[in-house]
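# Survey of secondary and tertiary structure
What follows is each chain in one-letter form.
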Amino acid sequence: MRDFEDYCWRDLLTPEMVQIYSAYHRERTVRSHPALVMIHPPAGFAAIGTEWCETVRALGEAMRQLGLPVIHSVRPGERCDERFGARADEVVCYRTTESAFLLSDLEAHLTRARANGVVLCGAPMSGALRATAVESKSFGYRTAIAEDATGDEASLLRKVALFDVAHKYADVLTADEIIALLTQNAKVSAA
Amino acid sequence: MSDRTSEVPTPAGGWPWEDILDDELRLLLAKRQPRPSLGKRPAIIAVDLYDLVYDGGPRPVIELMDKFPASCGEYAWAALPPTIKLFATARALNVPIVHVNYDNRPETDPANIHPTNRKKRQANLDLYKIKDELAPAEGELVVFKKRASAFFGTPLCAFLNELQADSLLFVGESTSGCLRSSVVEGWSYGYPCFVVADGVYDRYLLNHKVSLLDLHLKYATVVDLASACDAMQAAKAFAEAA
């Protein structure tokens, strides 16, 4: 696992910033049975780059392989982003507000799926995904974000959103790091 | 509901985010759609203005963090006079102020679960007391919360309906934390939202500026104190003319 601050925001760091936010450094982990919540961006959303979409798809595949639930959050009246690889039999929750939780049935679906944590990916990082991460923490879920499976319209907004959320609300890790932790969890529970 | 849109006057001291703009951000600002102005009955939401964030006095955060880990130091103190002025203007215009504080009863927190993942905490729960200069006046509402947003698990929506508020002005802290998530949820519940930049602060300037810009781009209208007072005056005139 990389150092706490060794993610996309590393070029913004100053010694003062690191020291002030060191109060938030802690162990990062994922729980035994988290659900993956994919935040599908609104139609017409122009993200920088496309690599992150491949990572979203790969993370979804890995979590399905491990038998973990995958839930989709889409804007009302819109469809899942084709690049994310959603399956027809998976739950879709409509996101009427900024957060995937507020005024939607996501929390009920997580309860029914017996999820004890949430893994987040998708876009926009500084909008819907950030708001969802704050509420996920508020609902009491240990929450992880797959850094390299998030997109945004502006690089600075994405970096600072990930920085803020990593320190205050969620465990920011790469998709590979999350998959490794989940695989380790699965081995422990099988043993 | 008002169909006026806000013109967003540039603050006298310029926009707080001017020195962080790059081409991507300038493009997003250029595409920003005008938002609704305040309606006829705005309300002020004052987020987390308790003694804890003023702890240690008006000094740099970095000098305070060992002894006063939750303090916003000089930024909190700089925002105090404008916030006092905003409250005085609101009271003179009969604009309701709803104060938001942390619910510090130990029995509401048996598992030591907190609104954020901060490790170092100030043990003294008595510091969750709204600062004297900003204390609720007789009859003003206080919301006690356990999570980042002022709306999460609180009766704030009901209070706003009872007050017949149709738009919100936000002050408080921290810009990237509780203040931000409260504004996002205020917008999510359908209220036009203004953020009074002079009364909003954080522990580090970059995070403060980026969250203010994000709020202005996506959910709210960021204004300075003078524009906020003008907007409350205009809302009163609008209500009286109707």
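Everything numeric here is computed off the predicted structure, so don't read it as measured data. Within every chain, residues take consecutive numbers counted from 1 along the sequence as written. In the order they appear in the text, chains get letters beginning with A and ligands get numbers beginning with 1. Reporting of local features is limited, given that this is a predicted model, to residues whose pLDDT is at least 70; pairs of side-chain atoms are given and counted only at 80 or more, and all residues count toward the totals for whole chains, interfaces and linings. For the side-chain quantities, the full set of heavy atoms in the structure was used; hydrogens and water were omitted.

### A closer look at the overall build of chain B
Our working definition: Secondary structure elements are defined from DSSP: runs of H or I of at least 4 residues count as helices, runs of E of at least 2 residues count as strands, and each element is numbered from the N terminus. What the globule rule says is 2.2 Å times the number of residues to the power 0.38, and the radius of gyration is computed from C-alpha atoms. A simple rule labels every residue: compare its accessible area, found with a 1.4 Å probe on the protein chains alone, to the largest value its type can have, and call it buried under 20%, exposed over 50%, or partly exposed in between. In this analysis, two residues are considered to be in contact whenever any of their non-hydrogen atoms come within 4.5 Å of each other.
Along the backbone of chain B there are seven helices and six strands. Along chain B, helices (α) and strands (β) appear in the sequence α-β-α-α-β-β-α-β-α-β-α-β-α when read from the amino end. Computed over the C-alpha atoms, the radius of gyration of chain B is 17 Å, within 12% of the 18 Å expected from 2.2 N^0.38 for a compact globule of 242 residues. Its C-alpha atoms put chain B at 50 × 45 × 30 Å along the principal axes. By residue count, 60% of the 242 residues in chain B fall in the buried class. A separation threshold of at least 6 residues defines the contact pool for chain B, and within that pool the share at least 24 residues apart is 80%.

### What to know about the sheet that holds strand β2 (residues 70-74) of chain A
Residue and element names in this part refer to chain A. The line we're drawing: Pairing between two strands requires that DSSP report at least two bridges joining them. Only C-alpha atoms enter the line fits that serve as axes; for helices the fit covers just the stretch in contact. Angles between N-to-C directions range over 0 to 180 degrees.
Taking strand neighbours across the sheet as the criterion, the six strands line up as β3-β2-β1-β4-β5-β6 in an open arrangement whose pairing is parallel. Each end of this open sheet is capped by a strand with a single partner; those strands are β3 (91-94) and β6 (171-173). Mean inter-strand twist for the sheet, computed between neighbouring axes without regard to direction, equals 25 degrees. Strand direction decides the pairing type here: strand β1 (residues 34-39) and strand β4 (residues 117-122), joined by six bridges, are parallel. Paired with I39 across the strands is G122, a residue of β4. Running at roughly 160 degrees to strand β5 (residues 142-150), helix α4 (residues 125-138) makes contact with β1, β4 and β5 of the sheet. Helix α6 (residues 175-190) contacts β1, β4, β5 and β6 of the sheet and is inclined by roughly 140 degrees relative to β5.

### As for the interface of chain B and chain A
How we decide: A quick way to say it: buried area is the sum, across both parts, of accessible area lost when two parts are put together, with a 1.4 Å probe. For salt bridges, the criterion is a side-chain nitrogen of Lys or Arg within 4 Å of an Asp or Glu carboxyl oxygen. Contacts described as polar in this section are N or O atom pairs within 3.5 Å, which, within protein, must combine one atom able to donate a hydrogen with one able to accept it, while residues neighboring in sequence count only if both atoms come from side chains. Each residue receives one of three labels: charged for Asp, Glu, Lys and Arg, nonpolar for Ala, Val, Leu, Ile, Met, Phe, Trp, Tyr, Cys and Pro, and polar for the others, Gly being one of them.
In this assembly, 41 residues from chain B lie in contact with 38 residues from chain A. For the pair chain B and chain A, the summed buried area comes to about 3500 Å², and 59% of that belongs to carbon and sulfur atoms. Connecting chain B to chain A are zero salt bridges. Taken together, the connections running from chain B to chain A amount to 14 residue pairs in polar contact (both at pLDDT 80 or more). Secondary structure elements with two or more residues in the side of chain B that touches chain A: α1 (23-31), α2 (61-64), α5 (178-188) and α6 (205-218) of chain B. Of the residues forming the side of chain B that touches chain A, the biggest block, eight residues, is contributed by α6 of chain B. Residues of the side of chain B that touches chain A, tallied by class, amount to 19 nonpolar, 10 polar and 12 charged.

### Notes on the sheet that holds strand β2 (residues 97-102) of chain B
All names here are of chain B. What the six strands build is an open sheet, ordered β3-β2-β1-β4-β5-β6; its pairing is parallel. With one partner strand each, in any of the chains shown, β3 (141-145) and β6 (221-223) form the two edges of the open sheet. Ignoring which end each strand starts from, the neighbouring axes of this sheet average 25 degrees apart. Direction of pairing for β2 relative to β3: parallel, over a ladder of five bridges.

### Things to note about the packing of aromatic side chains
Heads up, the condition is: Stacked, tilted and edge-to-face pairs are distinguished by plane angle, under 30 degrees for stacked and over 60 for edge-to-face with tilted covering the rest, among Phe, Tyr and Trp rings (Trp via its six-membered ring) whose centres lie within 6.5 Å. Only when the NZ atom of a Lys or the CZ atom of an Arg is both within 6 Å of the ring centre and within 35 degrees of the ring normal do we say a charge sits over the ring.
If you walk through the whole model with that rule in mind, you get 14 aromatic pairs over all chains. With a centroid separation of 4.8 Å and an interplanar angle of 80 degrees, the aromatic rings of Y21 of chain A and F163 of chain A are classed as edge-to-face. Pair noted here: Y21 of chain A is in helix α1 (residues 15-21) and F163 of chain A is in helix α5 (residues 155-168), with a separation of 142 residues, a long-range link. Given a relative accessible area of 2%, Y21 of chain A falls into the buried group. By relative accessible area, which is 1% here, F163 of chain A ends up buried. Geometrically, the ring pair formed by Y102 of chain B and Y128 of chain B is tilted, given 4.6 Å between the ring centres and 40 degrees between the ring planes. Within this pair, whereas Y102 of chain B is found in strand β2, its partner Y128 of chain B is found in the loop between β2 and β3, the two being separated by 26 residues in sequence. Here Y102 of chain B and Y128 of chain B have matching classes, each one buried. Connected via pairs of aromatic rings, a cluster forms that spans Y7, W9, Y21, Y24 and F163 of chain A. Its guanidinium or amino end placed over the ring of Y54 of chain B, K131 of chain B lies 5.1 Å from that ring's centre, counting from NZ or CZ.

### Some details on the pairing of strand β5 (residues 193-201) of chain B
Residue and element names in this part refer to chain B. The condition is simple: Orient the strands so they point away from the viewer, and a crossover whose first-strand-to-second-strand path over the helix runs clockwise is right-handed.
The buried count for β5 comes to eight of nine residues, which makes it a mostly enclosed element. Where strand β4 (residues 167-173) meets β5, five bridges bridge the pair, whose relative direction is parallel. Note that in β5 the partner of L169 across the bridge is F194. Between β4 and its parallel partner β5, the chain crosses via α5, and the hand of that crossover is right-handed. Sheet topology note: the β5/β6 ladder contains three bridges and is parallel. Note that in β6 the partner of F194 across the bridge is T221.

### Overview of the packing of α4 of chain A against α5 of chain A
Residues and elements named next belong to chain A. Convention followed: Orientation labels follow simple angle bins: below 35 degrees gives roughly parallel, above 145 gives roughly antiparallel, 65 to 115 gives roughly perpendicular, and whatever is left gives oblique.
At their nearest, the axes of α4 and α5 sit 10 Å apart, and the two run at 5 degrees to each other. Looking at the two axes, α4 sits roughly parallel to α5. Mapping the contact onto sequence places M125, S126, R130, A133 and K137 in α4 and L157, R158, V160, A161, L162, D164, V165 and K168 in α5. Here the residues of the contact of α4 with α5 are counted per class, giving seven nonpolar, one polar and five charged.

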